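Next come the chains, spelled out residue by residue.
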Amino acid sequence: MVLTPTFPAHRMRRLRRRAWTRALVAESTLAPSDLIWPLFLIDGANKRQPVASMPGVERLSTELAVAAAEEAAKLGIPAIALFPYTDEKLKTTDGREAINPDNLVCRAVRAIKKAVPDIGIMCDVALDPYTSHGHDGLLVGNYVANDETIEVLVKQALVQVEAGCDIIAPSDMMDGRVGAIRNAMEKHGHKDTLILAYAAKYASAFYGPFRDAVGSAKALQGDKRTYQMDPANSDEALREVAADIAEGADMVMVKPGMPYLDIVARVKREFGVPTLVYQVSGEYTMLKAAVEKGWLDGERAMMESLIAFKRAGADAILTYFARDAARMLQA
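Overview of the pattern of salt bridges
Tallying each qualifying case throughout the model produces 20 salt bridges. Here Lys 91 ties to Glu 88 by a salt bridge, and the two come within 3.4 Å at their closest N and O atoms. The exposure class assigned to Lys 91 is buried, which follows from its relative accessible area of 9%. Where salt bridges share partners, they join Glu 71, Arg 323, Asp 324 and Arg 327 into one cluster.

Let's talk about a positive patch on the surface
Taken together, the side chains of Arg 13, Arg 16, Arg 17 and Arg 18 make up a positively charged region of the molecular surface. Looking at the secondary structure, you find Arg 17 in the segment before helix H1 (19-24). The class for Arg 17 is exposed, based on a relative accessible area of 65%.

Section: a nonpolar patch on the surface
A surface patch of nonpolar side chains, about 460 Å² in accessible area, is lined by Leu 15, Trp 20, Leu 24 and Val 25. Within the secondary structure layout, Trp 20 lies in helix H1.

What about the environment of Met 253?
Its location among the elements puts Met 253 in strand E10 (residues 251-255). Along the sequence, Met 253 and Tyr 198 sit 55 residues apart, while their C-alpha atoms lie 4.8 Å from each other. Here Met 253 is in contact with Met 122, Leu 196, Ala 197, Tyr 198, Ala 199, Ala 200, Leu 276, Val 277, Tyr 278 and Leu 318, once residues within four sequence places are set aside.

Points about the pairing of strand E1 (residues 35-41)
Among the seven residues that make up E1, seven are buried, leaving the element largely enclosed by the rest of the structure. By the alternation rule, side chains of E1 split into Leu 35, Trp 37, Leu 39 and Leu 41 and Ile 36, Pro 38 and Phe 40, which are all buried. As paired elements, E1 and strand E12 (residues 316-319) share two bridges and run parallel to each other. When the sheet's bridge partners are listed, Ile 36 is paired in E12 with Leu 318. By the bridge criterion, six bridges tie E1 to strand E4 (residues 79-84) in an arrangement that is parallel. Of the residues in E4, the one forming a bridge with Phe 40 is Phe 83. In the sheet, E1 pairs with strand E3 (residues 58-60) via two bridges, with the strands oriented parallel. Residue Phe 40 lies in a different strand from E3, and its bridge partner there is Arg 59.

Quick look at unusual backbone geometry
Note: most peptide bonds trans; most residues except glycine with negative phi. A cis amide bond, omega 10 degrees, links Phe 7 with the succeeding residue Pro 8. Relative to the helices and strands, Pro 8 is located in the segment before H1. Residue Pro 256 is reached from Lys 255 by a cis peptide bond, and omega for that bond is -5 degrees. Structurally, the position occupied by Pro 256 is in the loop between E10 and helix H8 (261-271). Although it is not a glycine, Asn 46 adopts a positive phi angle of roughly 45 degrees. Here Asn 46 lies in the loop between E1 and strand E2 (48-50). Even without being a glycine, Met 173 presents a positive backbone phi close to 70 degrees. Relative to the elements of secondary structure, Met 173 occurs in the loop between strand E8 (167-170) and helix H5 (177-187). Here Met 173 falls in the buried class, since its relative accessible area comes to 4%.

Some points on a negative patch on the surface
A cluster of acidic residues, Asp 147, Glu 148, Glu 151 and Asp 175, forms a negative patch on the protein surface. In this structure, Asp 175 sits in the loop between E8 and H5.

What about H5?
Listing the buried residues of H5 in full gives Arg 177, Val 178, Gly 179, Ile 181, Arg 182, Ala 184 and Met 185. The inward-facing, buried residues of H5 abut strand E5 (120-125), helix H4 (146-163), E8, strand E9 (194-201) and helix H7 (235-247). Just downstream of H5 lies Gly 189, where phi reads positive at about 80 degrees.

Let's talk about the environment of Val 273
On the secondary structure map, Val 273 appears in the loop between H8 and strand E11 (275-279). Under the relative-accessibility criterion, Val 273 is labelled buried at 18%. Residues Val 273 and Gly 134, spaced 139 residues apart in sequence, show a C-alpha to C-alpha distance of 32 Å. Those residues in contact with Val 273 that sit more than four places away from it in its chain are Ile 245, Val 252, Lys 268 and Asp 315.

With respect to the nonpolar core
Inside soluble globular proteins, nonpolar side chains tend to come together where they are buried. If you look at the biggest cluster of nonpolar residues, it comprises 107 residues, and the most contacted ones within it are Phe 40, Ile 80, Leu 82, Ile 112, Met 122 and Tyr 278. By residue number, the principal contributor to this core is H4, which donates nine residues. Sequence-distant contacts of Ile 80, that is, excluding residues within four places in its chain, are made with Ile 36, Trp 37, Leu 39, Ala 69, Ala 72, Ile 112, Ile 119, Gly 120, Ile 121 and Met 122.

Definitions and limits used
- Residues numbered from 1 in each chain as written.
- Predicted model: local features only at pLDDT ≥ 70, side-chain atom pairs only at ≥ 80, totals over all residues.
- Heavy atoms only, no water.
- Salt bridge = Lys/Arg side-chain N within 4 Å of Asp/Glu carboxyl O.
- Buried < 20%, exposed > 50% of the residue type's maximum accessible area, 1.4 Å probe, protein only.
- Patch = residues over 30% accessible without salt bridge, like charges linked within 9 Å, V, L, I, M, F, W, Y side chains within 5 Å.
- Areas by Shrake-Rupley, 256 points an atom, 1.4 Å probe, with all protein chains shown as cover.
- Lys, Arg positive; Asp, Glu negative; His and termini not counted.
- Charge placed at Lys NZ, Arg CZ, Asp CG, Glu CD.
- Helix = DSSP H or I, 4+ residues; strand = E, 2+ residues; numbered from the N terminus.
- Contact = heavy atoms within 4.5 Å.
- Pairing = 2+ DSSP bridges.
- Core = buried A, V, L, I, M, F, W, Y, C linked by side-chain atoms within 4.5 Å.

Keep in mind these numbers describe shape, not what the thing actually does.
Here it is, written out as structure tokens:
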């Protein structure tokens with residue numbers, strides 16, 4: 001039942017007057033444990049390379065990624081997500097570097113797990129950082145082939161888990177890939193491996209800076225609308241989520257974040273499963289650019305954007321603000 005406040009018996013501002021009462025009755029809260037920090041990897045030694053389209057974000061060589069993981073653990077961030085910048089010489093039409101057990105991601109996973117064994121490591125399962133055409137799967141003609149792609153994704157997932165990855169995160173949006181990966185995990189003795197399905201991933205304009213960061217922007221031929229979701233659709237997202245849960249996903253994700261808060265809310269309300277959201281590169285860059293122009297208060301805008309995800313129902317947030325937000329929350 002919704003009560004209708006009557007004035008002056010009810011003064012809504014009473015609970016807003018002081019900081020302690022606002023904190024006491026806050027309906028949504030944010031903690032470092034709600035955050036996942038995405039890290040971009042690059043080959044080399046002690047190498048730190050700024051991502052031009054993402055102010056404050058860098059590609060890190062393995063030992064610097066280890067240091068970042070150590071910092072994440074100290075800040076109370078429970079998990080990191082790894083994304084590789086692949087040398088052009090290693091990119092092929094079939095993305096075969098994705099299944100190399102000694103590729104950049106696998107080397108970084110082993111190093112991080114050795115140094116910070118208790119932090120969760122999430123690995124992206126998709127071929128776009130490794131393909132010369134920039135797509136998440138294998139091309140047959142100009143079309144991304146579904147079943148042929150899944151065969152490679154399963155192999156990619158297995159080499160990542162065998163390196164020590166805790167959370168397999170298929171982001172490719174091929175039909176049936178969650179079930180195939182889950183079956184492979186069971187068959188190869190990885191029954192406790194978590195699968196975070198990018199269940200509702202939209203064909204969005206907000207991914208541009210990320211594609212710069214992993215080096216797939218210039219390579220991409222055409223677009224990804226034959227496999228990523230139409231931004232016009234909401235009911236379809238529920239069908240995608242239902243399918244991934246039925247196939248064995250432990251958690252589901254909505255991507256992008258802020259333009260799709262309604263999807264986050266619908267998914268959480270409908271299924272009640274652990275629901276994550278990705279505050280993607282374009283969202284991050286827009287806020288950073290406005291802050292650099294002096295148009296927004298950076299800290300307040302950052303925290304407001306993150307609490308919005310919690311208010312919508314998200315259990316955890318992948319965000320490039322993770323370190324800065326965690327520092328503020330610990331202060």
